[in-house]
Amino acid sequence: QVVAEWLKLATGSHTISQGLSITGDVEFGVAATVSAAQIAIDGNVLAAVGGLDLNFQATAGDLVVAGTLGAGTPFRSLVITNARNARFDGYLTLSGDFSQIAGSGTTQLASASIDGSLAITTSSVQLAGSSLMVGSFVSLQAQNAVFVAGEVEVGGRFEARANLDGIGSEGFAQAVDGFI
């Protein structure tokens with residue numbers, strides 16, 4: 001397990017193949033000049049203390065978090081400045097907000113508990129886990145499709161805007177077992 005008090009990665013692809021315990025705010029970044037670089041965390045990401053923020057910028061590359069994020073002690077917020085694809089396979093726990101400012105691919109969330117808001121702006125959004133609980137509002141802005149496959153529980157409004165580029169016939173889709 002890697003223990004990080006402060007971590008800023010700024011060039012090339014980054015793969016952390018074990019768990020990560022964080023004791024301070026963390027920024028993961030890939031330089032804009034590195035095309036298709038990837039940020040991958042294969043293990044669980046744990047907050048050693050509460051109130052920590054995570055910031056990701058994969059630019060033209062992908063972000064993949066395979067394990068749980070914030071189990072035990074939740075992170076405060078998670079911000080994705082930009083990524084091609086962003087995928088969170090494990091359970092995500094935040095005491096604040098999850099926001100993605102920009103993206104050019106698909107953002108996938110499995111299951112999560114987000115006490116604040118969930119705001120994603122990208123090409124395509126998939127909420128494909130068994131349960132997503134958001135304490136405030138949900139805003140999904142997709143150039144292409146928005147897909148909901150699991151249960152989404154929202155404490156405020158739910159807004160999903162799809163096919164914002166006006167090209168094709170993508171839209172909002174909800175699976176048979178999906179529930180909002």
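Located above this text is the structure these notes cover.
What comes next is a walk through the structure.

**Some remarks on the pattern of salt bridges**
Taken as a whole, this structure holds three salt bridges when the rule is applied. Close ionic contact of arginine 76 with aspartate 53 constitutes a salt bridge, the shortest N to O distance being 2.7 Å. Of the two residues, arginine 76 sits in the loop between strand S9 (62-65) and strand S10 (77-82) while aspartate 53 sits in strand S8 (residues 53-57), which places them 23 residues apart along the sequence. Among the residues examined, arginine 76 registers a relative accessible area of 38% and is labelled partly exposed. Here aspartate 53 falls in the buried class, since its relative accessible area comes to 14%. Put simply, aspartate 62 and arginine 84 hold a salt bridge, and the shortest N to O gap is 2.9 Å. Taken together, the positions of aspartate 62 in strand S9 and arginine 84 in the loop between S10 and strand S11 (86-88) put the pair 22 residues apart, joining distant regions of the chain.

**Observations regarding unusual backbone geometry**
If you check the backbone angles, asparagine 163 has positive phi at about 55 degrees while not being a glycine. Residue placement: asparagine 163 occurs in the loop between strand S22 (158-161) and strand S23 (172-174).

**Observations regarding the pairing of strand S18 (residues 131-134)**
In S18, alternate side chains face the same way, and those of Leu132 and Val134 are buried while those of Ser131 and Met133 on the opposite face are not. With four bridges connecting them, S18 and strand S21 (residues 151-154) associate as parallel partners. Opposite valine 134, over in S21, you have valine 154 as the bridge partner.

**As for empty space enclosed by the protein**
Tallied over the entire structure, the rule returns one cavity of 30 Å³ or more. Leu109, Ala110, Leu127, Ala128, Gly129, Ser131, Leu132, Val148, Ala149, Gly150, Glu151 and Val152 together form the lining of the largest cavity. For the lining of the largest cavity, the per-class residue count stands at eight nonpolar, three polar and one charged.

Conventions we followed
Residues numbered from 1 in each chain as written. Predicted model: local features only at pLDDT ≥ 70, side-chain atom pairs only at ≥ 80, totals over all residues. Heavy atoms only, no water. Salt bridge = Lys/Arg side-chain N within 4 Å of Asp/Glu carboxyl O. Helix = DSSP H or I, 4+ residues; strand = E, 2+ residues; numbered from the N terminus. Buried < 20%, exposed > 50% of the residue type's maximum accessible area, 1.4 Å probe, protein only. Pairing = 2+ DSSP bridges. 1 Å grid on protein atoms, 1.4 Å probe; cavity = no way out; pocket = protein on both sides within 12 Å on 5 of 7 lines; lining within 4 Å. Points joined across faces, edges and corners; volume = space filled by probe spheres on them. Nonpolar A, V, L, I, M, F, W, Y, C, P; charged D, E, K, R; others polar.

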